[in-house]
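# Observations on chain architecture
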Amino acid sequence: MYVSTNWLNDYTDISGVSKQELAEKITRAGIEVDSIIDRAEGLKNIVVGHVESCEKHPEADKLNICQVNVGEETLQIICGAPNVAAGQNIVAALPGARLPGGVKIKKAKLRGEVSNGMICSLQELGLEGKVVPKQYAEGIYVLPEDAVPGTNALEVLGLDDVILEFDLTPNRSDALSMLGAAYEVAAILSQDVKLPEISIEESSELASDALSLRVDAKKDNPMYVAKVVKDVKVAESPLWLQNYLMAAGVRPHNNVVDITNFVLLEYGQPLHAFDYDRLDTKEIVVRHAQEGEMMTTLDDAERTLNANQLVITNGKEPVALAGVMGGANSEVHDGTTTVVIESAYFAPASVRQTSKEVGLRSDASVRFEKGVDPNRVAEAAERAAQLMADLAGGTVLAGSVVFDELDKTPVRIILSPDYVNQRLGMKIPMDEMMSILERLQIPVEAVNGQLVVDAPTRRQDLRIKEDLIEEIARLYGYDEIPATLPVGESVPGGLNSSQQKRRLVRRYLENAGLYQAITYSLTSREESQSFALETAPVTELLMPMSEDRSVLRQSLLPHLLEAATYNVARRIDTVSLYETGSVFLGTEEDGLPKEVNHAAAVITGKWVDQPWQQETKKVDFFVMKGIIEGLMDVLGLADRVTYEKASHAGMHPGRTADIMLDGVRVGMLGQLHPSEQKKRDLKETYVMELNLSALLAEQTEPLVYTQVPRYPSISRDIALVVPTDESAGSLIAVIKEAGGALLKDVTVFDLYEGDNVEAGKKSLAFSLTYFDPERTLTDEEVVARHEKVLEALNTKSGAVLRG
């Protein structure tokens, strides 16, 4: 919202404070002033000039030699504007003048003729092209006939003004008007608000005889006011009105349209002007559109309507899209003589839905969406009628055509001063609270030690006690709220067990060489259950941003794979990413999905075992498995975790395993299926996903120090020939069971298939470590235990020693 301080001064006295200080006070009171725009900045020596004569330049077809009276003298100025003519009052920049951008005007020669200055367009004075009246958009600006040559043109154009740009929060719709801004500033400066005086001399003819009104959609349009003004002369608006509109960022059109825009900015109440004769009937009917009904709006766009959208009709066809934009078929034009002024209250939800569906957002729709003041709907129409009588020579018909079922009762809030002070931690006297509310023009009474407040309808944001507490606090001064320390016993902060474990997981994965990624919780329906450890009904968003973000995910892997593809496409050959986050399963009794914490990782390319090593190797299944084994070790779950061969959609059938905790599946790891890799433009890629909630919920034994062993251990290596489909994990389980207490460690160190091993068989080599912390083992004990291991392997797995 652009607030002209010249215009603001019409409603409240701001003369005793600088514009910078005023902006600071407004910001401290709760409305942020984004910028302070001095419209005269960079402008100097700009005066009103009168073109006494205008002749073609003898050496240039597009230039004119003008003799311009600038007050004390007449200067020759060369001008190339197509609309310059003798008899005009114009804006002249004299030699030595300065224009925006550091442009300095000097005496010069143009094609042999002297030019003592420049005749200016509004754009050359710093105004944006979009706010310049269309008739002057391609040429110089022509001042009114009563402009006096030699006077300061900046004052005539209203450029001796400072604009405050308000950055309003959604709840402060009241400040989307000059009167709303005036109420706010008057309260801050302890000044009065001067409201416009409305006085209309109406004709004896009744508006109700010229126009009838019927509202069929009463819920979406509980109040509609129409006034009729005859004998209107459509013309250019007076300069003061154009200046105010341009200062607010609005382009002037003609006096009728400009008056409706002026009242919108003044009251915050959108209006619309219909050409009475172009309505073709003497009737206004407000209804919902018919499905598929067509209309052309003022922007010359043809729009297809639906049954949810509210329209203003002439009883036959739409003439306006209610609260959004008028129709081209009833537009005011140069030949208009009778105008119907519409002022209404449209339900915010209805306007918001229509605006979104037709893809059209206007100054009117912005205000209707936030809610206008129901007690100013009729007053705004009266104000517009008054201005049309004054500025367009119109005759206002007596009375208005009104439909009114709108509840205008103010919200009553009863507030205890003690309640206010407890919430603010202050001791503001009750009289001071009442004074603040009265400065804000909020009616308040003291009844039995309580504040009884009737919130004005212009303040749609005042509904509960806390709203009034905020008003009191911000006007009293946020800086006055004392800084206090919490009272009571202090407790040292710290992480709970679950938080500590989650942090441990992230640190381990990062130390293992993975980079953390954070991806969207929202995904497409097609990807929502891909790679999921557990599938359940998906949770859909009611109003998704797009199809790709329409449901909640059930796996972290799809988005991690997207991130890997994105990086590989940008020539990052090695990608190692992990993420910890929530997946969402099904719907519980309260209507919300079950939220489960997961950890997932993706690795493709090459791998470095340790960051300080220079050697790299191709990523394989055992790299990912080793990372998981290390994670289980730091979580204290390594002895309880096993890996079982598995087959899942999107995964390589021979290089995929389920991760089992005490026989229960808690995760999955393996290589992407080649077809999946190709679809995602990835080379050999390995992934894993773990149910972190299940892992962290497990109770583990605390870490206990074990002293360095005093006695030596004995190692034995064995190479076993087993069927190709025999897993190393099942063999290790047999070895551990047979090895008993003396067997401390078993590791696989070799896999061989080929010559000297028969078809359908493979050779697996294991290293076994025997150890007793209390004594030195003898060879006989180790041999005896080792024989039991070999016997168990042969009996239970059919494994035989190679060679």
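Residues numbered from 1 in each chain as written. Predicted model: local features only at pLDDT ≥ 70, side-chain atom pairs only at ≥ 80, totals over all residues. Heavy atoms only, no water.

## As for the overall build of the protein
Short version of the rule: Helix and strand assignments come from DSSP, with helices taken as H or I runs of at least 4 residues and strands as E runs of at least 2, each series counted from the N terminus. Each radius of gyration reported is based on C-alpha atoms, and the globular scaling rule is 2.2 Å times the count of residues to the power 0.38. Relative accessibility thresholds used throughout: buried, under 20% of the residue-type maximum; exposed, over 50%; partly exposed, between the two (1.4 Å probe, protein chains only). Residues are treated as being in contact if the distance between any of their heavy atoms lies within 4.5 Å. Here, Shrake-Rupley sampling with a 1.4 Å probe gives the accessible areas, and only protein chains in the shown set may cover a residue. Charged-residue counts in this description rest on Lys and Arg as positive and Asp and Glu as negative, His and the chain ends being excluded. A charge is said to be at NZ when it belongs to Lys, at CZ for Arg, at CG for Asp and at CD for Glu.
Each helix and strand counted, the protein has 20 helices and 42 strands in total. Here the C-alpha radius of gyration of the protein, 41 Å, is well above what a compact globule of 803 residues would show, namely 28 Å. Taking all 803 residues of the protein together, 49% fall into the buried category. Long-range pairs, those at least 24 residues apart, make up 69% of the contacts in the protein between residues at least 6 apart in sequence. As displayed, the protein offers around 39900 Å² of accessible surface, 48% of which is attributable to carbon and sulfur atoms. Computing the positive centroid from 80 side-chain charges and the negative centroid from 121, the protein places the two 5 Å apart.

## Looking at the packing of aromatic side chains
Any aromatic ring pair is given by two values, namely how distant the centres are and how the planes are angled relative to each other. Operational definition: Here is the rule: rings of Phe, Tyr and Trp (six-membered ring for Trp) pair when centre to centre is within 6.5 Å. Planes less than 30 degrees apart are stacked, more than 60 are edge-to-face, and the remainder are tilted.
In this structure the tally under the stated criterion is seven aromatic pairs. Taking 5.0 Å as the distance between ring centres and 15 degrees as the angle between the ring planes, the aromatic pair formed by Trp 7 and Phe 262 counts as stacked. Here the residue Trp 7 occupies a position in helix α1 (residues 5-8), and Phe 262 occupies one in helix α7 (residues 255-267), the gap between them amounting to 255 residues. Each member of the pair, Trp 7 together with Phe 262, is buried. Look at Phe 621 and Phe 622: their rings are 5.5 Å apart centre to centre, the planes differ by 85 degrees, and that puts the pair in the edge-to-face class. For Phe 621, a relative accessible area of 16% gives the class buried. Taken together, Trp 7, Trp 240, Tyr 244 and Phe 262 form an aromatic cluster joined through their ring pairs.

## Some thoughts on the sheet that holds strand β16 (residues 283-288)
Backbone-to-backbone hydrogen bonds pair the strands of a sheet. The strands run either parallel or antiparallel. Rules: Note on pairing: DSSP must find at least two bridges between two strands before they are called paired.
On the basis of which strands lie adjacent, the open sheet formed by five strands has the order β13-β16-β19-β20-β21 and mixed pairing. Looking at the sheet topology across the chains shown, the edges are occupied by β13 (212-215) and β21 (325-326). Examined bridge by bridge, strand β20 (residues 318-321) and β21 share two bridges and lie antiparallel to one another. Its bridge partner lying in β21, Ala 320 is registered against Gly 326.

## Observations regarding the side chain of His 598
To keep things clear, this is the line we draw: As used in this structure description, the phrase polar contact means that two N or O atoms lie within 3.5 Å; if the pair is within protein, one of them must be able to donate a hydrogen and the other to accept it, and residues adjacent in sequence are counted only when both atoms belong to side chains.
Locating His 598 in the fold gives a position in strand β32 (residues 594-604). Engagement of the side chain of His 598 in a polar contact is seen with the side chain of Glu 689, the distance being 2.8 Å. Setting aside chain neighbours within four positions, we find His 598 in contact with Leu 533, Leu 556, Glu 579, Thr 580, Gly 581, Val 583, Glu 689, Leu 690, Asn 691 and Leu 692.

## Here we look at the sheet that holds strand β38 (residues 685-691)
The seven strands lie next to each other as β28-β31-β32-β38-β37-β36-β35, forming an open sheet whose pairing is mixed. Taken across any chain shown, the strands that pair with only one partner, and hence form the sheet edges, are β28 (515-516) and β35 (641-645). With five bridges connecting them, strand β37 (residues 664-672) and β38 associate as antiparallel partners. Paired with Gly 670 across the bridge in β38 is Val 687.

## Quick look at the pattern of salt bridges
Which entries qualify depends on this criterion: Put simply, a salt bridge is a Lys or Arg side-chain nitrogen that is within 4 Å of an Asp or Glu carboxyl oxygen.
Counted according to the given criterion, the structure contains 36 salt bridges. Across the pair Lys 625 and Glu 629 runs a salt bridge whose closest N-O atoms are separated by 2.6 Å. Of the two residues, Lys 625 and Glu 629 are both situated in helix α16 (residues 621-634); the distance of four residues between them amounts to about one turn of the helix. Judged by its relative accessible area of 18%, Lys 625 is buried.

## Here we look at a negative patch on the surface
Stated precisely, the cut-off is as follows: The patches described consist of residues with a relative accessible area above 30% and no salt bridge, like charges being joined within 9 Å and nonpolar side chains (Val, Leu, Ile, Met, Phe, Trp, Tyr) within 5 Å.
Residues Glu 526, Glu 547, Asp 548 and Glu 562 make up a contiguous surface patch of negative charge. Assignment of secondary structure puts Glu 526 in the loop between β29 (522-523) and β30 (551-552).

## A short note on the side chain of Arg 553
Looking at the secondary structure, you find Arg 553 in the loop between β30 and α15 (557-568). Of the residues examined, Arg 553 reaches a relative accessible area of 4% and is grouped as buried. Once residues within four sequence positions are removed from consideration, Arg 553 is found in contact with Thr 519, Tyr 520, Ser 521, Thr 523, Ser 528, Glu 579, Gly 581, Ser 582, Val 583 and Phe 584.

## Some details on the nonpolar core
Formally: Each nonpolar core is a collection of buried residues, namely Ala, Val, Leu, Ile, Met, Phe, Trp, Tyr and Cys, held together in the definition by side-chain atoms within 4.5 Å.
Counting 80 residues, the largest nonpolar core has Ile 26, Phe 166, Phe 262 and Val 263 as its most contacted members. Ranked by residue count, the leading element in this core is helix α4 (residues 178-189), at ten residues. With sequence-adjacent residues up to four places away left out, Ile 26 is seen in contact with Ile 31, Val 33, Leu 164, Phe 166, Val 185 and Ile 188. In this structure, Ala 226, Ala 320, Ala 381 and Leu 406 belong to the second largest nonpolar core, which totals 43 residues.

## Some thoughts on the packing of α7 against helix α10 (residues 377-392)
For the record, the criterion: Helix axes use the C-alpha atoms of the stretch in contact, all axes being lines fitted to C-alpha atoms, and the angles between their N-to-C directions lie in the range 0 to 180 degrees. Here is the rule for handedness: rotate from the far helix to the near one, and if that takes an anticlockwise turn smaller than a right angle the crossing is left-handed, while a clockwise turn gives right-handed. Note that Gly is not counted as nonpolar here; it falls among the polar residues with everything else outside the nonpolar set of Ala, Val, Leu, Ile, Met, Phe, Trp, Tyr, Cys and Pro and the charged set of Asp, Glu, Lys and Arg.
Viewed as axis vectors pointing N to C, α7 and α10 meet at an angle of 140 degrees, and their least axial separation amounts to 10 Å. Here the hand of the crossing between α7 and α10 comes out right-handed. Along its contact with α7, which presents Asn 255, Val 256, Ile 259, Thr 260, Phe 262, Val 263, Glu 266 and Tyr 267, the element α10 presents Glu 379, Ala 380, Arg 383, Ala 384, Leu 387, Met 388, Leu 391 and Ala 392. Residue classes in the contact of α7 with α10 are distributed as eleven nonpolar, two polar and three charged.

## Brief notes about the pairing of strand β14 (residues 223-230)
Each regular strand displays side chains that alternate between the two surfaces of the sheet. Counting buried residues in β14 gives seven out of eight residues, a clear majority hidden from the surface. Where β14 meets strand β22 (residues 339-345), seven bridges bridge the pair, whose relative direction is antiparallel. Bridging from a neighbouring strand, Val 228 pairs with Val 340 of β22. By the bridge criterion, four bridges tie β14 to strand β24 (residues 401-404) in an arrangement that is antiparallel. Paired with Val 225 across the strands is Val 402, a residue of β24. Taken together, the two bridges between β14 and strand β23 (residues 395-396) define a ladder with antiparallel strand orientation. Within the sheet, the bridge partner assigned to Val 229 lies in β23 and is Val 396.

## Overview of a positive patch on the surface
On the surface, a cluster of positive charge is contributed by Lys 44, Arg 98, Lys 104 and Lys 106. With respect to the helices and strands, the residue Lys 44 is situated in strand β3 (residues 44-56). Classification of Lys 44 by relative accessible area gives exposed; the value is 52%.

## Some thoughts on the environment of Thr 776
On the secondary structure map, Thr 776 appears in the loop between β41 (761-770) and α20 (779-797). Taking relative accessible area as the criterion, Thr 776 reaches 43% and is therefore assigned partly exposed.

## Digging into helix α14 (residues 497-511)
Note the threshold: The span one expects for a helix is its residue count, reduced by one, times 1.5 Å. The arc in question is traced by the directions running from the helix axis to the C-beta atoms.
Taking 1.5 Å of rise per residue, the 15 residues of α14 would be expected to cover 21 Å, and the 21 Å separating its terminal C-alpha atoms lies within 8% of that figure. Where α14 is concerned, the buried positions are Val 505, Tyr 508 and Leu 509. For α14, the angular spread of buried residues about the axis comes to 95 degrees, placing them on one side. For α14, the exposed residues set more than 90 degrees away from the buried face come down to Arg 507 and Asn 511. Tucked inside the fold, the buried residues of α14 contact β31 (575-585), α16, β38 and α18 (692-697). Gly 513 sits one or two residues past α14 and shows a positive phi near 105 degrees.

Just geometry here; none of it tells us what the structure is for.
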